[in-house]
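# Descriptive structure summary
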Amino acid sequence: MSSTVKKIKKTSMLKKLKKITFEQPIWLFILLCVIGFSFSSEYFFDLNNFKNILVQTSTIGLIALGLTLVMINGNIDLSVGAIVALSACLAVDLQADFGMFPAIIIGLISGVVLGALNGLIVWKTGVDAFIVTLGAMIGIRGLVFVYTEEQSFFANDFAFSDMGSSSIAGIPTLALILVGFAILVHFILAYTIHGRNTYAVGGNRQASIDAGIRVGPNIVINFAICGFLAALAGVTLSSQMGAATPNLGRDFELWAITAVVLGGTKLTGGVGSIVGTFGGVIAIGILRNGMNLLQVPSFYVLVIMGVILITVLFFDRQVNMRLEKEVGR
Amino acid sequence: MSNLDHNQSIDIEPTESIESTESTKGQVILRLENITKCFPPSVIALDNVSLNIKKGEVHALVGENGAGKSTLMKVLAGIHQANSGTIELDGNIIKLNGPMDAKKQGLLLIHQELSLVADMTVAENIYLGNLPKRWPNIVNNKVLYTNVDKILARLKCNFNAKDKVSSLSIAMKHMVEIARALVFTPKIVIFDEPTASLTDTEKFVLFDVINDLKKDGVAIVYISHRMDEIFSLSDRITVLRDGCYRDTVNTQETDEDKLTQMMIGRSLDGNCKSAMGELGDIALEVKDLSCHGRFENINFTLRKGEVLGMYGLVGAGRTEIAETLFGIRPQTSGQIFLDSELVNITSPADAVANGIALVPENRKEQGLVLGMNCRDNITMSILNKLDHMGVLRHKDELAIYNKYESELAIKTPSWSQKVGNLSGGNQQKVVIGKWLATHPKVLILDEPTRGIDVGSKSEIHKLIRKLAQQGGYAILVISSEMPEVLGVSDRILALFDGKINGEFTDQEVTEDKLVKAISFDNSKMNK
């Protein structure tokens, strides 16, 4: 009796494991990377290094969290990199006039407002989010240059740059911020009405409208959250550096999209999760960190990252196709 | 190289072809022998159908929905391969390897649904997949446009080869579809319900084209539900019923009554009305509802516990009425009363709030989020009632799901199964469950069994009856399948061209009356 129970338990465990690897192959990839790098570099498998990875990826990570919402919603936000620069510049420059915390809050608000504006334009005009946020990306970057007059700002308040390197209970503050917001956004997606509607709108917009879901506000809120997290990433990044430059955050939107897509979110919307995105972020962090430790020249790192992105998504597709066949539709 | 001949030049000289065909007119060009087509596991769509078609005739093909007309045509166009039987063209037995092969042999199907690329020109669409090219591999625009100009002139089209398809009217787009057929040398052109989306004037243009083709010795196969068109156009009529060949008659020697008799001629089965339920108060009353160009002055009432069937051809305005009641399509005039109170419905959200639910015609595109699981789909429209400060109460959600899973007998391994993986019948039950969860007063089902296999169909029908009789819902069933309408309805409205053209109670309705009511304008008929 008990042996059969055990067997069933074992098979269901196996099934669960299979399911996880099928749904989020990125975690399997991370496992392979960790094993690989641990054997090839003596510095890799170390608690401090792992903390380091979390800090290094916190900027891209925060952006990717917000972007996950927008992409599950069936949209995309390319303006996040520019928002990083704007909020960083505001948060650093305004410290002299208003004090540190008000300056940070103004920086964050700028992200929320611009994000909501993106969403509002997408909703009201019906123009594709790719185009709207492409325009926003260019325009906001221009605003940053207007505001900074091509100058860099330095934080005079040491408390600000201390925050970037501080720790709470032995864990870097920036890592805590990333993990904390990951849990929060995961909660929103998995447990709230807003989250459920986000999936529904991205999965089938017409069915959502017919079901009485208010599609427009749903989209705007997601863009606003995305803008907020991008602005937060700007603040944390500038606190790491103790400074803000107008070129901050260039290409960040592309890295964030890479992380989100690696995590299994579909560009067409309706599918995705924060657990997956977090995996994507960690995967990028580990790859960068590991190859750095192995002293791979940085240009080759880019080549390898590009290849890996396509390979992982290729396997993802193969696995999904096989899954569909297994279910036998 | 030889099959690319048409790329180089098209020889369209009607005078020549008339001379050559005059003598051979009436000769059999296509002979079908014992065509059988099965769709596994258990559907026999065509059962030993034999048929011959003569040169220069318009051969009408009639039968109810599901009689096998479309399948037969798809076999002829090379889309389906017959399981057994032979096709003989011009005296030679041929085998069709796919649609392109059929086209090259001269068998051309004009699709009912338009399949054009909107942002390309007329000429590019006509030659799509088959563009004339010159060395090394570039599109030969000169040949393309001169050929297309010739074809358009032959069809007497009033648009140019270089026009964008997106700028054309629906009728013009149909002409483009027909023009596609003329790229090849057509021997047989098959029209599948070509007039469903055309206006009256556009229809006559189409009929002219058909008559021209006929003069050139091309055989026309014409599928339609509309009796008036069949009688004015065709030379001979073949009747199919339940996948079997019934008879071929000369059009002059028959009339509508005889024809409908032949089309129906089977016992009424699938009736799932055990007993008439007690009817309650009037739940829905529609007064003079109109939507410009779609339907006019629709009046009807629907009682609690009643199933009202709405039957009509494609384009008669059935779906449009449902969409208007549900707030998707704006009404131009008229009033809607729910529980004798006047309501103003301008959006689906209004409709849901007022207790109207619509199970749409196309469940995959409009009804379900295929990537979400069963539970999430069912609770989708009532999430606002299931939260505690914005956080969903999973227990309550699951309780609601379980209720409808057992009530509707949804067969799924678990609530977490993705809806996209369920069978059509179970998907439809999930959509129904989603709307029952909103506690509607009126439930509208548009083509509730489209694309669902026979077994699940009767299950859905029983479910509809149960919901009306035990649940007390007022149900409006829209369908283009006669057995379905007859099987589930307490009362039937027949629609013709956007008007109610007859109302029948369950006792007085016959298939005969119903076919007439949807095929002829009542005002022109003396009953």
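Residues numbered from 1 in each chain as written. Chains lettered and ligands numbered in written order. Predicted model: local features only at pLDDT ≥ 70, side-chain atom pairs only at ≥ 80, totals over all residues.

Each helix and strand counted, chain A has 15 helices and 4 strands in total. The C-alpha atoms of chain A give a radius of gyration of 21 Å, which matches the 20 Å a tight globule of 329 residues would have. With respect to the principal axes defined by its C-alpha atoms, chain A has extents near 75 × 55 × 35 Å. Across chain A, the fraction of contacts at a sequence separation of at least 24, relative to all contacts at a separation of at least 6, is 79%. (Helix = DSSP H or I, 4+ residues; strand = E, 2+ residues; numbered from the N terminus. Rg over C-alpha atoms; globule rule 2.2 N^0.38 Å. Contact = placed C-beta atoms within 7 Å.)

A few words now on the overall build of chain B. When helices and strands are counted, chain B shows 19 helices and 24 strands. Burial status across chain B gives 45% buried among its 527 residues. (Buried ≥ 20, exposed ≤ 12 C-beta atoms within 10 Å, placed from the backbone.)

Our focus in this paragraph is the domain arrangement of chain B. All names here are of chain B. Here the domain parsing of chain B yields domain 1 (2-28 + 54-83 + 92-264) and domain 2 (282-369 + 440-524). Domain 1 and domain 2 are separated by 34 Å when their C-alpha centres are compared. Contacts between domain 1 and domain 2 engage 12 residues on the former and 11 residues on the latter. Elements with a minimum of two residues in the side of domain 1 that touches domain 2: helix H9 (227-233) and helix H10 (256-264). Here the side of domain 1 that touches domain 2 is composed, by residue class, of 3 nonpolar, 5 polar and 4 charged. (Domains from an automatic or database assignment. Nonpolar A, V, L, I, M, F, W, Y, C, P; charged D, E, K, R; others polar.)

This part is about the nonpolar core. Judged by nonpolar contacts, the single largest core of 172 residues is most densely connected at Ile63, Leu229 and Ala256 of chain A together with Ile444 and Ile475 of chain B. The element best represented in this core is helix H12 (residues 215-241) of chain A, accounting for 14 residues. Judged by nonpolar contacts, the second largest core, of 68 residues, contains Ala60, Ala77, Leu109 and Leu259 of chain B. (Core = buried A, V, L, I, M, F, W, Y, C linked by C-beta atoms within 7 Å.)

This next bit is on the sheet that holds strand E21 (residues 442-446) of chain B. Residue and element names in this part refer to chain B. One open sheet holds the 6 strands; their spatial order is E18-E21-E22-E15-E23-E24, and the pairing between them is mixed. The open sheet is flanked by strand E18 (356-359) and strand E24 (499-505), the only strands paired with a single partner. Strand-to-strand twist in this sheet, taken as the mean axis angle between neighbours without regard to direction, amounts to 20°. Alignment of strand E15 (residues 307-312) against strand E22 (residues 474-479), held across 5 bridges, turns out to be parallel. Among the inter-strand pairings, Gly309 is bridged to a residue of E22, identified as Val477. Its contacts with the sheet place helix H19 (residues 511-519) against E15, strand E23 (491-496) and E24, and it is angled at close to 30° to E23. (Pairing = 2+ DSSP bridges. Axes fitted to C-alpha atoms, helices over the stretch in contact; angles between N-to-C directions.)

All names here are of chain B. Pairing of strand E13 (residues 282-291) with strand E14 (residues 295-303), which is carried by 6 bridges, proceeds in the antiparallel orientation. The residue bridging Leu289 from the neighbouring strand is Ile298, located in E14. Counting the residues in the hairpin turn of E13 and E14 gives 3 residues, including Gly293, whose phi is positive at 85°.

With that settled, consider the confidence of the model for chain B. Detailed reading of the predicted coordinates is not advisable wherever pLDDT is low. Residue and element names in this part refer to chain B. For chain B, the average pLDDT comes to 82, and 89% of its residues sit at 70 or higher. Of all the helices and strands in chain B, helix H2 (residues 14-22) carries the lowest mean pLDDT, 42, while E21 carries the highest, 93. Across residues 1-23, confidence stays below pLDDT 50; counting only partners more than four residues off in sequence or on other chains, it has 19 contacts. Predicted confidence is poor over residues 266-270, with pLDDT under 50, and the contacts of this stretch with residues over four places away or in other chains come to 7 contacts. (pLDDT = per-residue confidence, 0-100.)

Residues and elements named next belong to chain B. Mapped onto the elements, Lys499 comes out in strand E24. Given 18 C-beta atoms within a 10 Å radius, Lys499 is considered partly exposed. Between the alpha carbons of Lys499 and Glu296 there is a distance of 5.8 Å; along the sequence they are 203 residues apart. With sequence-adjacent residues up to four places away left out, Lys499 is seen in contact with Glu296 and Asn297.

Let's shift gears to helix H11 (residues 318-325) of chain B. Residue and element names in this part refer to chain B. Counting buried residues along H11, 7 of its 8 residues qualify, which places the element largely inside the surrounding structure. Looking only at H11, the buried set comprises Arg318, Thr319, Ile321, Ala322, Glu323, Thr324 and Leu325. Gly327 sits one or two positions beyond H11 and adopts a positive phi of about 85°.

The next thing to look at is the sheet that holds E13 of chain B. All names here are of chain B. Strands sit in the order E14-E13-E16-E17 across an open sheet of 4 strands; the sheet is antiparallel. Both edges of this open sheet fall to E14 and strand E17 (341-343), since each of them pairs with a single strand only. The average undirected angle you get between the axes of adjacent strands in this sheet is 20°. Pairing between strand E16 (residues 333-338) and E17: 3 bridges, direction antiparallel. Residue pairing for E17: Phe337 is matched across the bridge by Leu342.

Take the packing of helix H6 (residues 100-125) of chain A against H12 of chain A next. Residue and element names in this part refer to chain A. One can describe the packing of H6 onto H12 by two numbers: an axis separation of 7 Å at closest approach and a directional angle of 150°. Classified by the angle between their axes, H6 and H12 sit roughly antiparallel to one another. Here H6 and H12 pass one another in a crossing that is right-handed. Here the residues of the contact of H6 with H12 sort into 18 nonpolar, 10 polar and no charged. (Parallel < 35°, antiparallel > 145°, perpendicular 65-115°, else oblique. Left-handed = near helix turned anticlockwise from the far one by under 90°.)

As a further point, take unusual backbone geometry. Residue Glu149 of chain A is not a glycine yet carries a positive backbone phi of 50°. One can find Glu149 of chain A in the loop between helix H7 (129-148) and strand E1 (153-154). Note on Glu149 of chain A: 7 C-beta atoms within 10 Å, which makes it exposed. Phi angles above zero are rare outside glycine, and Asp339 of chain B is one such case at about 50°. Note on placement: Asp339 of chain B falls in the loop between E16 and E17.

On the side of chain B, 23 residues touch chain A, which itself brings 19 residues to the contact. Listing elements by their share of the side of chain A that touches chain B, those giving two or more residues are helix H10 (193-203) and helix H11 (205-210) of chain A. In terms of residue count, the dominant contributor to the side of chain A that touches chain B is H10 of chain A (6 residues).

All names here are of chain A. Look at H6 against H7: their axes get within 9 Å of each other, and the N-to-C directions meet at 145°. The crossing of H6 and H7 is right-handed. Residues Leu114, Asn118, Ile121 and Val122 of H6 pack against Ala129, Val132, Thr133, Ala136 and Ile140 of H7. Its residues assigned to classes, the contact of H6 with H7 comprises 7 nonpolar, 2 polar and no charged.

For Gly425 of chain B, the position within the fold is in helix H16 (residues 424-436). The sequence separation of Gly425 of chain B and Cys291 of chain B amounts to 134 residues, and the corresponding C-alpha distance is 32 Å.

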